[in-house]
Amino acid sequence: MSKPSIPQGTRDFSADVVRKRNYIFSTIKNVFELYSFEPLETPAFENLETLMGKYGEEGDKLIFKILNNGLDNPDKEKQVREDFEKILQGKNTKGITERALKYDLTIPFARYVAMNHNKLTMPFRRYQIQPVWRADRPQKGRYREFTQCDADVVGSVSLLNEVELANIYHEVFMELGMKNYELRINSRKILTALAELCGGADKMIDITIAIDKLDKIGLEKVKEELQQRGLNEEQVNIIENYLNITGSNEQKLSAIKSLIGSLETGRQGVEEVEFVFAQTKNTSLIIDFTLARGLNYYTGIIFEAKAPQEVKMGSIGGGGRYDDLTGLFGVPNIPGVGISFGVDRIYDVLEELNLFPGNLQVSTKALFFNMGDAESRFAFGIMQQVRSKGIACELYHEAAKIGKQFTYAEKKNIPFAVIIGSKEMEEKSCPVKNLSSSVQEMVTFERLADYLKNL
RNA sequence: GUAGCCAUAGCUCAGUUGGUUAGAGCAUCAGAUUGUGAUUCUGAGGGUCGUGGGUUCGAGCCCCAUUGGUUACCCCA
């Protein structure tokens, strides 16, 4: 038997990590609830066809597929072999795999809305906090199992939704103490207009993939990549002008108007960005026309939340508007907009910047020392009374040396020791010792619960 | 999918041009101290050097393969 292990890109979370993660979850959840979103949970796995083709070509490759059961059934051998041939040719077939782990929360949500749209009160605002899986090669800030926190509004075209979502980002990151986070915003329509301006609407994806890398590889390399992707010199020049738009948000807006304002799509896109920007002066929104985002279902405003620059984590959240996501599931004309928080990356950032509050690790308030058989039986009774008042405590499991019990309490971060031996049983009071200050006080059994509660 | 780096005690790591019985710190356990810990002192346990093969009189060290981890590319939270 080899050493036990867990699959690459997955993690066990020990108590202190779980507590820190829960702190992030509850911060996000509280803000979602405050903005009147309702919870939803969907299955860990979906029918493969629900997910395939929704995330672009690369995305499809990263979907974790689940092997069908019963493939070893001798009666089906011929069919299974034929189906496997299709797999070898890069095709999917229900004969081998028909279910897959979910890749994000947006598409399962769209599927849910498509199935239930006539029961839902529109606009429908839902939030969802669940793990997702990607068959990606793990590296810094990238896991194969990670948790997303999504909030989406469907059934409304109002840009007020975008404004609210931007505020949610701001509120969450402020509460987490991540003051220097960045929220970047753009509109897919502006990118579409740029492609039109270049005379190749079909080149939209090539253009966006290339310009999205601007801050990473620089202007020259972007131009090279554009040429490799088949754009001619004139087209590259147009894009260069576009990428050279810099300055304050206001300056960028006026520059983009003169460049693509003549096109209808461009004008719409600029208006959207301008509206959201005007309504979110309280947040630190950055207009960034190079922001593209990979998921190809976005049609309007797109968001990307980035970690403070000093941590080199990149994207810690993203989202945007999609006009017709449920159309993929046969229910057209339900527009929506949503955002996502990447908890695992946020965790890494908070850890690196030392932003977790210090009081997350205290759960058990007192350790009752075990001073012998009869003594511990008695102490157990006292402890139960204390517990019934809602105070978490623990009785040491055996009559060990007192020093050992102190060490145990210290390691488990238990702040107080309660010592009940034969003397205390007679006197009906016991010492309560503060382990960090070494200060100790005699407290009657009657007052014990209240005393601990007020510490 | 492509490429680089790494793998020695529970953890972090030393380990010389290939040379006898592979070390340290921390952690653990026991004792000094049987009702008051964190400092100190003493002692103990703990290793198939990731795995398999090869070169050599001799391999933790060199070579090949393999597995796992990690970082980067692609893509993404």
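Residues numbered from 1 in each chain as written. Chains lettered and ligands numbered in written order. Predicted model: local features only at pLDDT ≥ 70, side-chain atom pairs only at ≥ 80, totals over all residues. Heavy atoms only, no water.

1. Some words on the domain arrangement of chain A
Assigned domains within chain A: domain 1 (15-352) and domain 2 (362-453). Each of domain 1 and domain 2 has a C-alpha centre, and the two are 52 Å apart. (Domains from an automatic or database assignment.)

2. Details of helix H12 (residues 264-279)
Between the first and last C-alpha of H12 there are 23 Å, a value that for 16 residues agrees with the 22 Å anticipated at 1.5 Å per step. Every buried residue of H12 is listed here: Gly266, Gly269, Val270, Glu272, Val273, Val276 and Phe277. Looking straight down H12, one finds its buried side chains confined to an arc of 155°; they lie on one side. If you follow the buried residues of H12, they end up packed against helix H6 (160-175), strand S7 (182-187), helix H7 (188-197), helix H11 (249-260), strand S8 (285-287) and strand S9 (301-306). (Helix = DSSP H or I, 4+ residues; strand = E, 2+ residues; numbered from the N terminus. Expected span 1.5 Å × (residues − 1). Buried < 20%, exposed > 50% of the residue type's maximum accessible area, 1.4 Å probe, protein only. Arc of directions from axis to C-beta. Contact = heavy atoms within 4.5 Å.)

3. Concerning the pattern of salt bridges
For the structure on display, the rule yields 26 salt bridges. Ionic pairing is found between arginine 11 and aspartate 344, a salt bridge with its closest N-O pair at 2.6 Å. Taken together, the positions of arginine 11 in the segment before helix H1 (15-34) and aspartate 344 in helix H13 (residues 343-352) put the pair 333 residues apart, joining distant regions of the chain. Classification of arginine 11 as partly exposed rests on a relative accessible area of 24%. One salt bridge in this structure joins aspartate 136 and arginine 142, with 3.0 Å as the shortest N-O distance. Note on aspartate 136: relative accessible area 19%, which makes it buried. Judged by relative accessible area, which is 28%, arginine 142 ranks as partly exposed. Several salt bridges converge on common partners, so that one network encompasses Asp206, Lys213, Glu225 and Arg229. (Salt bridge = Lys/Arg side-chain N within 4 Å of Asp/Glu carboxyl O.)

4. A short note on unusual backbone geometry
Cis geometry marks the peptide bond from methionine 122 to proline 123, where omega comes out at -5°. Positionally, proline 123 belongs in the loop between helix H5 (106-116) and strand S5 (124-133). Of note, serine 36 is a non-glycine position whose phi angle comes to about 70°, a positive value. Along the polypeptide, serine 36 turns up in the loop between H1 and strand S1 (38-39). In this structure, lysine 428 takes a positive phi of about 55° despite not being glycine. Residue position: lysine 428 is located in the loop between helix H16 (422-427) and strand S15 (429-434).

5. With respect to the sheet that holds strand S3 (residues 65-67)
The antiparallel open sheet is built from three strands, whose spatial order is S2-S4-S3. The two strands at the open ends of the sheet, each matched to only one other strand, are strand S2 (45-47) and S3. Between one strand and the next, the sheet's axes are offset by a mean angle of 40°, whatever the strand orientation. Note that S3 and strand S4 (residues 97-101) share three bridges and pair antiparallel. In the strand pairing of S4, leucine 67 is matched with threonine 97. (Pairing = 2+ DSSP bridges. Axes fitted to C-alpha atoms, helices over the stretch in contact; angles between N-to-C directions.)

6. Observations concerning the packing of aromatic side chains
Two aromatic rings, taken as a pair, are described by how far apart their centres are and by the angle between their planes. Per the counting criterion, the structure on display carries 19 aromatic pairs. Look at phenylalanine 369 and phenylalanine 406: their rings are 4.8 Å apart centre to centre, the planes differ by 75°, and that puts the pair in the edge-to-face class. Of this pair, phenylalanine 369 sits in the loop between strand S12 (366-368) and helix H14 (373-388) while phenylalanine 406 sits in helix H15 (residues 402-411); the two residues are 37 residues apart in sequence, bridging distant segments of the chain. For phenylalanine 369, a relative accessible area of 0% gives the class buried. Taken together, Phe32, Phe37, Tyr127, Tyr169, Phe173, Tyr181, Phe303 and Phe341 form an aromatic cluster joined through their ring pairs. (Phe/Tyr/Trp six-rings, centres within 6.5 Å; stacked < 30°, edge-to-face > 60°.)

7. Considering the sheet that holds strand S6 (residues 145-154)
If you walk across this open sheet you meet the eight strands as S1-S5-S6-S11-S10-S9-S7-S8, and the pairing is mixed. At either margin of the open sheet sits one strand with a lone partner, and together these are S1 and S8. Taken together, the seven bridges between S6 and strand S11 (residues 336-342) define a ladder with antiparallel strand orientation. Its bridge partner being in S11, valine 154 is matched across the sheet by glycine 336.

8. Details of the nonpolar core
One finds Ile168 and Phe341 to be the most contacted residues of the largest nonpolar core, which totals 97 residues. Not counting the four nearest positions on each side in its chain, phenylalanine 341 is found in contact with Ile28, Phe32, Thr147, Gln148, Cys149, Ile168, Tyr169, Val172, Phe173, Ile316, Gly317 and Ile346. The next biggest cluster of nonpolar side chains, apart from the first, holds 20 residues, and it includes Phe368, Phe416, Val418 and Ile420. (Core = buried A, V, L, I, M, F, W, Y, C linked by side-chain atoms within 4.5 Å.)

9. Topic: the packing of H11 against H12
Packed helices, taken two at a time, are described by their axes: the angle between them and the distance between them. Orientation of H11 relative to H12, taken along the N-to-C sense of each, is 165°, at an axis distance of 10 Å. By the criterion of interaxial angle, the relationship of H11 to H12 is roughly antiparallel. H12 is crossed by H11, and the crossing has left-handed handedness. Listed contacts from H12 to Asn249, Glu250, Leu253, Ile256, Lys257 and Ile260 of H11 are Gly266, Arg267, Val270, Val273, Glu274 and Phe277. (Parallel < 35°, antiparallel > 145°, perpendicular 65-115°, else oblique. Left-handed = near helix turned anticlockwise from the far one by under 90°.)

10. Re the confidence of the model for chain A
Averaged over all residues, the pLDDT of chain A is 90; the fraction at 70 or higher stands at 99%. When the elements of chain A are averaged for pLDDT, helix H9 (residues 214-228) gives the smallest value, 83, and S1 the largest, 97. (pLDDT = per-residue confidence, 0-100.)

11. Things to note about the packing of H6 against H12
Between H6 and H12, the least distance of the axes is 9 Å, while the angle of their chain directions is 50°. In terms of orientation, H6 and H12 fall into the oblique class. The chirality of how H6 crosses H12 is right-handed. On H12, the residues that touch Leu160, Glu162 and Val163 of H6 are Phe275, Val276 and Gln279. Across the contact of H6 with H12, the residue classes tally to four nonpolar, one polar and one charged. (Nonpolar A, V, L, I, M, F, W, Y, C, P; charged D, E, K, R; others polar.)

12. Comments concerning the side chain of glutamate 424
Mapped onto the secondary structure, glutamate 424 falls in helix H16. Lysine 423 provides the closest opposite charge to the buried, unpaired glutamate 424, separated from it by 4.7 Å. Excluding residues within four positions of it along the chain, glutamate 424 makes contact with Ile419, Ser429, Cys430, Pro431 and Phe445. (Lys, Arg positive; Asp, Glu negative; His and termini not counted.)

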